[in-house]
Each structure stands twice: as C-alpha cells, then as structure tokens.
Amino acid sequence: MVLNYSTQSFISLLIHFYGVRGLFITLLIVLCAFNPTAITVVAAAQSNQNSDKETETETKSDAVIKLSAPKSVKKLIKQYISFPEEPFVNDTARAVFVRKTKEEIRELLATEGYFTPTITLEDHLAGEKPVLKVAPGKRTRVAEVTIEFQGDLATDTAEHQERMEQLRANWPLIPRKFFRSAVWEEAKASLLSNLAESEYAAAQIVTSEAEIDPAAATAKLKVVIDSGPVFYFGDLQISGLQRYDQGLVTSYVPFQKGEVYRRDQILAFQAALQNLPHFSSVSVSIDPDIASHQATPINVILTEARAQRIGVGVGYSTNTGARGELNYRHANLINFHNQPLNFISLLRYEQKRQTLFARLETIPDRNRYLFSLSAKVERTDIEDLKTFSQRVSFNRERTTETMQSQYGLTWQREERSPAGAPDTVSEALVLDSWWRYRNVDNPLFARRGHISEIRFGGGTQYVLSKRDFVRMYARHQHWWPIGERDVLYLRAELGYTIASSRLGIPQEYLFRAGGINSVRGHNFLSLGVTEGDAIVGGRTLGTGTLEYVHWFTENWGGAIFTDVGDATDSWKSFDPSVAYGSGIRWRSPAGPLALDLARRHDTGALHVHLSIAAAF
C-alpha cells in the first residue's frame, strides 16, 4: 500500500514540531485503539505507585486489624498472612485469630532468619482499629560451615582433594551471610547435584544440621555427604521401537561402554534423539544402583511419532502478498542401510511468488551432520521482472544449538523476462557455503543477543556457468534490552558479487533491496538496477536498520525506526535511500505481527508494511 502527499505529511509535521516523541504519541493513540486496557494499565500503575506509602502501615483500608512492621518483613507477611475484613463474631474468635497469626508469623520469619520476633496486639480507643506490631529482632547470620565427604571421593588423592575443595568453594551460604531456609535447602541440593553430575550418580546427603543460637543470632551449618562408588556406563536398554532399527538410536550415543558416568552426556544423548522427527517423546536415564555401578544400564524409553505429516498454513505480507501453503513430510520414506531417509515437500502460492520444493535428507549423525538432495521450481513477478527458475542442490549441513552451516553444489537455470527489455536465460553451477551463528534469548521474540550470517560462493564459465563470478554476503542483527521492557535493535547487511557483468548470473546471486527486513518505505525489492521498465539485481548491496521498541503491555508494543540502504551495479552508483517511521508490534498466538508506517525521506511517500502468518 502506498500513500502520497504533495504537501507535508502528518508524520513529517510531527517530526518537524515534536521529533521522535510525536511519533510515539501517535503510536500510543493507535495502540489504545487496538487495546483500550493499556490506558487502564498505566492508570493503575500510577495509582499503585501513589498508594505505596499507605500500604506500609496496614494491609487493606477496610481490614479489621492494622499491621505495623518494618518494610523488610512487611511484604513477606502480607504475601502469606491474611487479615480479616469483617469484624470478629466474639472475643473468642478474635483471640483464636491472634494466637494463630502470631504462630504463623513466627514460623514465617524463621524461614528468613528471624528467630526472636516480638509480636504484640495493641488496642486503641473505641472506634479505632487495633494494631498488630511485629518487631522481627536481629537477623541470624552464618557463623560457621562444615562440609565433610564420605565414600570414594574421600580417598586421599590429589584429584579428589581438588574436587572436594572446589565443591566447598561453590557453597553459597558462606559465613556472615544471612541465614535463610530457602537458600539453605538450595545450597544442599546444589552441592548434591554438582557431585552427582560426574562419576558419583548415587551420591546422597547423610547428615545436614543447622545449629541456631537465637541469642547470638548465629547459625552453624554442617553437611555430611556420601559420594558412593564411581559409576561407569553399561549397555543400552531400548524400549518403544517398532518401525525403526536400533541403529537409529545407537548412532547417537556420545559415550562408550565402560566410560565414567557423566550426566551431561546422558542429557546430550536425550536431546539428540528428541531432535529427530521419528520420536514424539524420549526419556534417557540410569538407575543409580550401587550394585551395578561398574556397568550401569542406560534406559532409553521412546515413543515413535507418526511417519507422515501434512501441514497447512496461511499468511499475508506486503512483500509478496497473500500466502497459502501445503507441506508434506515423511520420516521414513526410504530405508538406506538401516537408516531412514526423510522426505520434505512444500507447495507455496503467493501473489508475487509461487514455489514447489522437495528434499530428501539423511538423519543427522552423532556430530549433527546430514546430507541432503533437493529440487526447487519457482516463479516470481516482482517490480516488472518475471523469472522462472529450476535448481538442484546437494549439500552437507550441520545444526547445533547456536550454529548452522551448509556446504554444497547447486545447479540453477533461470529464465528472466524484464518488462521493456529482452528476455534472457542464465545458468550457473555454484559451489556455495553458508554459516549462521545465533545467540538470542527467544528465537521468536528476541530481546537480547545477536545473529550473524555469512554466505560465500561462486561459479565459472568453464563448468556449466555462463559467467565467472564470486558472491559474498554478510548480515548481522543485534538486540539490546533497555530497562524492563524496551528493546533496541540493529541490523546491517553487505553484499558484493565479483564479476565483469551481472548478465548471465541468476538473480539469487545478485542483490535487490526494499520492503520488510530491508529498507521500509520502499516496495519489496524495488531498489536495484533499472533494466527496461523492470528492477533487476545488481552486484552491490548495503542496508541497515536502527529500531527502538517499547512494550506497553506483555503482548502489545510500539516501534520507531530508521532504515537506510541501496542495491546497485557498482559502488560508484551506490546512493543509499533513507526512510523512517513507526509501527505496532503484537505477540500474537500465531507468531509476531509487525505493522509499520514508513516515510521515504526523498519523496515523502508513505508505505504501509504488514507481515503475519499462521500454521494449522
């Protein structure tokens, strides 16, 4: 959607008179129209802030008994102790409540290290509410910590001594720290877990004592822990397999029989199996039985997933228009040397692009490498350039928690029909490589972290290509949290194709820019090289984005942004276009929605950009 104004637009007036703040004010009005409760949330927050001082002296304005206590314990008491809002039936009911409440408060404060509280109920003149006064007393601090070990770990070797000292050093409840029951329990659990994560699967706490001196407000802590014997990996005990051979499971085992037990290897084994499409649930564990510590069995319990799946999705983007897609997956289409091969296919219809894709792939090995053979047919009609391409690829791929990499050989043929210019056919056999590093807190709604991507490849006219070329591309995205809710986002990308001319090179190995995730304020792929009446890919690319998002509620937010960039046939003709604007963000159940209004700096034209998708 494009809106043009011959005079200054509304956004340009806001920027002129109010700057960025004007954009935020406009966005807030729009957001409130979508979600009126935002006003209520802001008003409630202000009201709560103003009433903080009042709640320091009593629990509720209509409570029968007022509470007077230091801030350090008031919040805790209010969280767990309920005060009556209706008058007591008689003096007996009141006495029962007071006695019970005093006991509960003493027990509650003891968990925080207050073992000598003074709790009194003071009656006032007729018509005034009685006050329950709580003086927590001196808070208990840790005075002494003793951690002793028994079992195999207690044998006198340098390695064992070093590990025991490390376990003692990691103990969080050290002398002079306040004693808290929750921290005491967490410290013991952490000590046991750290010991049991490697070698000593049957470790257990024999004794744990907290000797409290209320008068001195000190605590002496003692823990005795028995490591038990060293455990070693034994045989796999697999259950739940029906369609697949056990080799599918054993190929992912990251340890050898007879190796020393390590919990992280058990978890890595379970995660590798869970990532396979062949299983809907996976459980890997051992039974820490001392009798079998020299060869403890590994229990693998599996539930096989359905081999075939069909998925349907719809969506809309101002880049490519309305979208509908149908995908089909078969997790065991072919069994090759007792290893199932996955088949993936996709039929996607968009207003500006139509795609048919099929892929046959091996399952990842223990190092997470797989091989794939894929074919793709695609037709596009974007910015008066029509293309029809066919491609076949053979790749070696690897995916980990943070890294994705791909190396392969691709042959591509492309028929190109620019409006007002001659039709051409391009062919290329390309050695291609691609790396992507991801370290974000949430893949869908990132607030902290970064993603970096590099692609490098090329072809030669001596081997099934019409022109010699080398294509280089890099992209980086970074998110910084601002305060409790806001996010600052930076994106930068740079591309260059080394070649004597762009002619004969398929569009995939050239560059165009514009639209969502590129330069907003411009139509999708409208920045490039003019050929006839069409926009085609050039050999240079440079774009960037700076965006600030403020979340008014958990799911609704607003953004202001600036985009800059261009795609041309040489750096000499590179002339970056600038656009800026604001938008709405919604964490919808189907995925993130972004609705942006961007203004081109050179022409003042307004462009609306929208993207949302849902899968069924």
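Right, let's walk through the structure included here. All chains use their own residue numbering, which begins from 1 and follows the written sequence. It should be noted that, the model being predicted, local features are given only for residues of pLDDT at least 70 and side-chain atom pairs only at 80 or more, the latter also being counted only at that level, while totals for whole chains, interfaces and linings use all residues. Side-chain numbers here rest on the full set of heavy atoms in the structure, without hydrogens or water.

## Describing helix α6 (residues 91-110)
As a reminder of what qualifies: Secondary structure elements follow DSSP: runs of H or I of four or more residues count as helices, runs of E of two or more count as strands, with numbering from the N terminus. To estimate the expected span of a helix, count its residues, drop one, and scale the result by 1.5 Å. Three exposure classes are used, based on accessible area relative to the maximum for each residue type with a 1.4 Å probe and protein chains only: buried under 20%, partly exposed in between, and exposed over 50%. The contact criterion used throughout is that any non-hydrogen atoms of two residues lie within 4.5 Å. N or O atoms closer than or at 3.5 Å make up a polar contact, with two conditions inside protein: a donor-capable atom paired with an acceptor-capable one, and, for residues adjacent in sequence, both atoms drawn from side chains.
Taking 1.5 Å of rise per residue, the 20 residues of α6 would be expected to cover 28 Å, and the 29 Å separating its terminal C-alpha atoms lies within 8% of that figure. Of all the residues in α6, the buried ones are F97, V98, T101, I105, L108, L109 and A110. In this structure, the buried residues of α6 make contact with α5 (71-80), β3 (118-122), β4 (131-135) and α8 (181-196). Two or three places before T92, at the start of α6, stands the capping residue N90, its side-chain oxygen 3.1 Å from that residue's backbone nitrogen.

## Digging into the pattern of salt bridges
The condition is simple: The salt bridge criterion pairs a side-chain nitrogen of Lys or Arg with a carboxyl oxygen of Asp or Glu, the two atoms within 4 Å.
According to the stated counting rule, one finds 33 salt bridges in the structure shown. Of the charged contacts in the structure, one is a salt bridge between E185 and K188, with a shortest N-O distance of 3.4 Å. With E185 and K188 both in helix α8 and three residues apart, the pair spans about one turn of that helix. With a closest N to O distance of 2.5 Å, R455 and D432 form a salt bridge. Remark: D432 occurs in strand β18 (residues 424-440) and R455 occurs in strand β19 (residues 449-459); sequence separation between them is 23 residues. In this structure R455 comes out as buried when scored by relative accessible area, which is 18%. What you see here is one network of salt bridges that share partners, running through R416, R502, E531, R539 and D569.

## A few points about the packing of aromatic side chains
Note the following rule: Pairing of aromatic rings covers Phe, Tyr and the six-membered ring of Trp, with a centre-to-centre limit of 6.5 Å; geometry is then stacked below 30 degrees between planes, edge-to-face above 60, and tilted otherwise. Here, a charge over a ring means that NZ of Lys or CZ of Arg falls within 6 Å of the ring centre while also lying within 35 degrees of the ring normal.
Going through the model one piece at a time under the given rule, you end up with 17 aromatic pairs. Considering the side-chain rings of Y407 and W435, the 5.8 Å spacing of their centres and the 80° angle between planes classify their relative orientation as edge-to-face. Of this pair, Y407 sits in strand β17 (residues 403-418) while W435 sits in strand β18, and the two are 28 residues apart along the sequence. Overall, the relative accessible area of 30% leaves W435 in the partly exposed class. Taken together through their ring pairs, the aromatic side chains of F115, W171, F179 and W184 make up a single cluster. The residue whose ring lies beneath R139 is F178, and the NZ or CZ to ring-centre distance is 4.5 Å.

## Topic: the sheet that holds strand β6 (residues 204-213)
Inclusion rule: At least two bridges found by DSSP between two strands is the condition for calling them paired. Under this scheme, a helix contributes an axis fitted over its contacting stretch, all axes are lines through C-alpha atoms, and angles between N-to-C directions fall in the 0 to 180 degree range.
Spatially, three strands are ordered β5-β7-β6 in an open sheet, and the strand pairing comes out mixed. On the outer flanks of this sheet lie β5 (141-150) and β6, each paired with one strand and no other. Within the sheet, the average angular offset between the axes of one strand and its neighbour, ignoring direction, is 10°. Where β6 lies against strand β7 (residues 218-226), nine bridges are found, and the strand directions are antiparallel. Residue pairing in the sheet places I205 in a bridge with I225 of β7. Docked against the sheet, α8 engages β5, β6 and β7, running at close to 25° with respect to β7.

## Things to note about the nonpolar core
Keep this limit in mind: For the purposes of this section, nonpolar cores are sets of buried Ala, Val, Leu, Ile, Met, Phe, Trp, Tyr and Cys residues that join through side-chain atoms within 4.5 Å.
In this structure, F269, L273, F279 and V300 are the most contacted members of the largest nonpolar core, which totals 27 residues. Listed by contribution, the elements that provide at least two residues to this core are β8 (233-239), α9 (247-250), α10 (263-274), β9 (279-286) and β10 (296-304). Among all residues touching F269, those that are not within four sequence positions of it are L236, V249, Y252, V253, P254, F255, V284 and V300. Counting 21 residues, the second largest nonpolar core, distinct from the first, contains M164, L167, Y200 and A219.

## Examining the pairing of β17
Taken together, the 15 bridges between strand β16 (residues 385-399) and β17 define a ladder with antiparallel strand orientation. Residue pairing in the sheet places S393 in a bridge with T410 of β17. Examined bridge by bridge, β17 and β18 share 14 bridges and lie antiparallel to one another. Counterpart to R413 in the pairing with β18 is E427.

## Brief notes about the packing of α5 against α6
Helices that pack against each other are described as a pair by the angle of their axes relative to one another and the distance between those axes. Where we set the bar: Under this scheme an angle from 65 to 115 degrees is roughly perpendicular, one under 35 degrees roughly parallel, and one over 145 degrees roughly antiparallel; angles in between are oblique. Handedness of a helix crossing follows the sense of rotation of the near helix relative to the far helix, less than a right angle counterclockwise being left-handed and clockwise being right-handed. Each residue is assigned to one class: nonpolar for Ala, Val, Leu, Ile, Met, Phe, Trp, Tyr, Cys and Pro, charged for Asp, Glu, Lys and Arg, and polar for all the others, Gly among them.
Viewed as axis vectors pointing N to C, α5 and α6 meet at an angle of 125°, and their least axial separation amounts to 11 Å. Classed by the angle they form, the pair α5 and α6 counts as oblique. The two elements α5 and α6 meet at a crossing, and its hand is right-handed. Side by side, α5 and α6 meet where V73, L76, I77 and Y80 of the first sit next to I105, L108 and L109 of the second. Broken down by class, the residue content of the contact of α5 with α6 amounts to seven nonpolar, no polar and no charged.

## So, the sheet that holds β4
Reading across from one edge, β2-β4-β3 is the order of the three strands in this open sheet, with mixed pairing throughout. Only two strands of the sheet have a single partner each, and these edge strands are β2 (66-68) and β3. The average undirected angle you get between the axes of adjacent strands in this sheet is 20°. Inspection of the sheet shows β3 paired to β4 by five bridges, in the antiparallel sense. Bridge pairing links L121 to L132 in β4. Of the strands in this sheet, β3 and β4 touch α6, which is tilted by about 155° from β3.

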